[in-house]
Amino acid sequence: MKPKQVLCGLFLGGLLQAFTVEGRTHITVILVGATGDLARKYLWQGLFQTYMEQVDSGRHSLCFYGGTRLHATEGSLAMFEILRGLSCLPRVPSVKCSMLKDQFIKLSRYQQLDTVEDFSNLNRKIEEQLAQEGLEEEGRLFYLSVPPFAYVNITAKVDATCRPKKSSSWLRVVLEKPFGHDLESAQQLAEELQKYLHEEEMYRIDHYLGKQPIADILSFRHDNQHFLDPIWNQHHIERVEIVMKETLDAKGRTGFYERYGVICDVVQNHLTEILTFVAMETPANISDSDEIHRNKMKVYSSLQKLSRRSAVIGQYQAYNGEVVQELKKPADYRSNVATFAGIGIFLDSPRWDGVPFILSAGKALDERVGYARILFKNTAFCLQSESTRRAEFSQCQPKQIIFYVGHGDLNFPAILVSRNLFKPVMSSANWKPMLDVPDLHVFGLPLSDYHVFTPVMQKEAYAVLILQVLRARRDSFVNTEDLLASWMFWTPLLKELSWESPRLYPGGLQNGHLLDFILAGQVVYFSTPDPATVISPGLEQQSTGTYKVLESSYREKKLVSAGTEEVIAELASHLQRTAEATVRRSGRFHLALSGGSSPLHLFQRLATFHHAFPWKQTHFWAVDERCVPLHDANSNFRSLHDHLLVHFKIPYLNIHPMPVHMNRRLCVEEDHGADLYANEIRTLVNDSSFDFVLLGVGTDGHTASLFSHSQALAQDSKLVMLSESPVKPHQRMTLSLSTINRAKKVAILITGKNKHPIVSKMSKMETNPEKWPVTSVQPSSGELVWYIDSDALFG
Ligand code: BG6
């Protein structure tokens, strides 16, 4: 057999040598966007590092193309200037390094990559080289370091012209985020890309998955499974913090930032990916990308939906000015984009039930630091004095495991395990124990109280990931299913927050405690009031507490209005006062609750602050229900259950969901579900008169599931009936207007700017049950109070 010769990519003794390579294969790496910022800062360096490692392992020969839309003369000048500036790794002797750098530069070529012909030319050059040098092609790696709007165009050209000839050779295309800014745009981009690339050919980079402590979370968990299995759960873990603080602001990137904001920029991707690695079940085989993917998807499906009150957001004070200047906006432009976010996430799983995952990220903060911290519960009480305790044995010290990305006080990547937990094992050759620890305190403990592991060799995330592409380790990348699951999780919150004004913060150390936040139950709130909304001294007489709550009238009934939180707080207090008085009088409290998004805030408020509520004496009824199984995410009962009932010990007999699911079918007239519910009301509720009914209002003026011109309005003599909604799910069960109007108290809660048009219309309109069912809510002998937040009232 004729020996194969390699002229590309492997060097011995400092000379470019032709030599025989049996079984050695060739890879061509093409960096598109070769002179951009990312390429200049990280990618060429990562490719150089990959090259050095491949030289050591000698598995493949490699050569590199850099391409931009620029003509060869101009483009190659810029590209080779970057290559000449590449730096060596500390552990590589400088003579060897400069030799390797020389070789790397010789192996790199510039190719204009603009038109289809350019890509065809590239293909021709690759083919010629393979043929001339008798190389066995292993594959081609295209790294697209270009704005996302160019992805589809470039992948179409790659697909049309640059696929390897042999079916056994691979094509891999690396893509840089952003991959959309919400579910819809991510879906659209994914569909476009799928026209040209197979799923296994796409490598979406999340560079945090290449940060060494993050890249090795799973191998750490796997190696230490013996210790972790009994404690990696809700019974032992108090909370998980996943944090990425930056001192830089968005200056110079406001065009990008205005579109994405902090949640799309780093939370939806970097921090969420980390969450999945902490929360997933430990894979039996950590080299099995498919198993890791399956476990990740299970985490996504267990994430509880976020509500507006799951997050706090802030904006760096100087950001708006930067936007005005860089994007040439009018001077009175007001951006609502968040540059800081704090979010509380919960999972529905036996392992993580009730454990908060606190995610936080922001620009212009007091320090640059990133970490995932798992904080364990501490139930021990120690008598021994602090000075005589030894960290290994003291159960009183904090117990934590920290995957420390870097910067901050420690200033190097590390994995830290409190000595009072266990002595970790690390099978990966990438980590070594740090024996001589610096005199530092981190997360409340001296560093000497931890087992500290540091990388044997610090590597740039991009270098780690480029190597993972060559190894086809798809678990280090984001596939389409992960990506869409993550956007599905974040998009509703992003929509809700787009109505909110972020809290302004001055930046850096001056932020003080302004951005500290508290997670109480499932509600996240800033721990100090917003200085911008605290009432000025002159207005204090009109306010309750620090905030102004307006009491006035609306449709001739009492109106309570203020910011959303204050309105909800007032309503929750009203509800508790009524419940207490009713229980004192009659021993129980019959409460009928509606579905929709506004009551969720109330449920969360009650769950967080109203532990003294007479929960055990309260009977829960539904105002209306969607004809879906009770466990369905659209079920009103499901959201009442998840946001309120789970938090208290409520007797089973006090819970009265509407019987929409009978005989294994949904809301069928002949099953008489509505009559059954009516009978239950008649039996248990004195005079069928609820003590308190909470209603919402739709943008079309419906309330409960009573829609305009609906047949249900005509059957008002019934207590409960089936109805039809114009929006999905169409079939509903609802209390009738007459049942609602028999109640002793009715509260109508309306929040959000999108409700402003209906609030404004209703303020002028006459009662018209046919057209605007809510206008006919007029308790015959009870009280009606409107709770309308300022967004809905003033728009
Ligand atoms: C990027 C974000 O993904 O990560 C930037 O777009 C952010 O806004 C950067 O500054 C931070 O990365 P690192 O590696 O410096 O922590």
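Relevant structure appears above.
Given the structure is predicted, the values throughout are model-derived calculations rather than measurements.

Conventions used here
Residues numbered from 1 in each chain as written. Predicted model: local features only at pLDDT ≥ 70, side-chain atom pairs only at ≥ 80, totals over all residues. Heavy atoms only, no water. Pairing = 2+ DSSP bridges. Helix = DSSP H or I, 4+ residues; strand = E, 2+ residues; numbered from the N terminus. Axes fitted to C-alpha atoms, helices over the stretch in contact; angles between N-to-C directions. Contact = heavy atoms within 4.5 Å. Core = buried A, V, L, I, M, F, W, Y, C linked by side-chain atoms within 4.5 Å. Buried < 20%, exposed > 50% of the residue type's maximum accessible area, 1.4 Å probe, protein only. Domains from an automatic or database assignment. Near = heavy atom within 4 Å. Polar contact = N/O pair within 3.5 Å; in protein donor to acceptor, adjacent residues only side chain to side chain. Areas by Shrake-Rupley, 256 points an atom, 1.4 Å probe, with all protein chains shown as cover. Nonpolar A, V, L, I, M, F, W, Y, C, P; charged D, E, K, R; others polar. Salt bridge = Lys/Arg side-chain N within 4 Å of Asp/Glu carboxyl O.

**Q** Help me understand the sheet that holds strand β32 (residues 720–724) in this model?
**A** Paired through backbone hydrogen bonds, the strands of a sheet run either parallel or antiparallel to each other. The strand order β27-β33-β32 describes an open sheet built from three strands, whose pairing is antiparallel. At either margin of the open sheet sits one strand with a lone partner, and together these are β27 (624–626) and β32. For this sheet, the mean angle separating the axes of adjacent strands, direction not counted, is 25°. Bridge count between β32 and strand β33 (residues 731–735): five bridges; the pairing is antiparallel. In the sheet register, E724 faces β33, and the bridge partner there is Q731.

**Q** How should I be thinking about the environment of N754 in this particular structure?
**A** With respect to the secondary-structure elements, N754 resides in the loop between β34 (745–750) and α21 (756–764). Here the alpha-carbon distance between N754 and A341, two residues 413 residues apart in the chain, equals 23 Å. Sequence-distant contacts of N754, defined by excluding residues within four places in its chain, comprise W499 and T699.

**Q** Looking at this structure, I do not really get the sheet that holds strand β25 (residues 589–593). What am I missing?
**A** Across the sheet, eight strands lie side by side as β23-β24-β35-β34-β31-β25-β26-β28; this open sheet has mixed pairing. At either margin of the open sheet sits one strand with a lone partner, and together these are β23 (550–554) and β28 (655–656). As paired elements, strand β31 (residues 692–695) and β34 share three bridges and run parallel to each other. Paired with L694 across the two strands is A747, which belongs to β34. In the packing of helix α15 (residues 564–586) onto the sheet, contacts are made with β24 (557–562), β25, β31, β34 and β35 (783–789), and the angle to β35 comes to roughly 155°.

**Q** What should I look at first to understand the nonpolar core in this one?
**A** Looking at soluble globular proteins, one finds that nonpolar side chains tend to be buried together. Core analysis: the largest hydrophobic core is formed by 109 residues, its most contacted members being F142, I263, I345, F357, I401 and W490. The dominant element in this core, judged by the number of residues it contributes, is helix α10 (residues 254–279), at 13 residues. Mapped onto the domain boundaries, this core takes at least three residues apiece from domain 1 (9–176) and domain 2 (210–497). For W490, the residues in contact, after removing those within four places along its chain, are I263, V267, Q268, T272, L306, I343, I345 and L359.

**Q** Is there a simple way to think about the site of the ligand in this case?
**A** Surveying the vicinity of the ligand reveals the residues K177, H207, Y208, K211, M244, E246, R253, D265, V266, H270, K363 and R368. Residue K177 places a side-chain N or O atom 3.0 Å away from an oxygen atom belonging to the ligand. With respect to the ligand, the side chain of R368 contributes an N or O atom lying 2.7 Å from an oxygen atom. Isolated, the ligand exposes 390 Å² of accessible area, and the fraction of that covered by the protein chains is 83%. Broken down by element, the residue count for the shell around the ligand peaks at three residues, all from α10. Per-class residue counts for the shell around the ligand are three nonpolar, two polar and seven charged.

**Q** I would appreciate a short explanation of the pattern of salt bridges in the present structure.
**A** Opposite charge on two side chains permits them to pair, given that their charged atoms come into close proximity. Overall, the coordinates contain 31 salt bridges when judged by the stated rule. Its salt-bridge partner being R665, residue D671 comes within 2.7 Å of it at the nearest N-O pair. Residue class for D671 comes out buried when judged on its relative accessible area of 11%. By relative accessible area, R665 is classed as partly exposed at 36%. Close ionic contact of D687 with R742 constitutes a salt bridge, the shortest N to O distance being 3.9 Å. Taken together, the residues span a long stretch of sequence, with D687 in the loop between α18 (673–684) and β31 and R742 in the loop between α20 (737–741) and β34 at a distance of 55 residues. Overlapping salt bridges, with partners in common, bring together E127, E137, R140 and K165 in one network.

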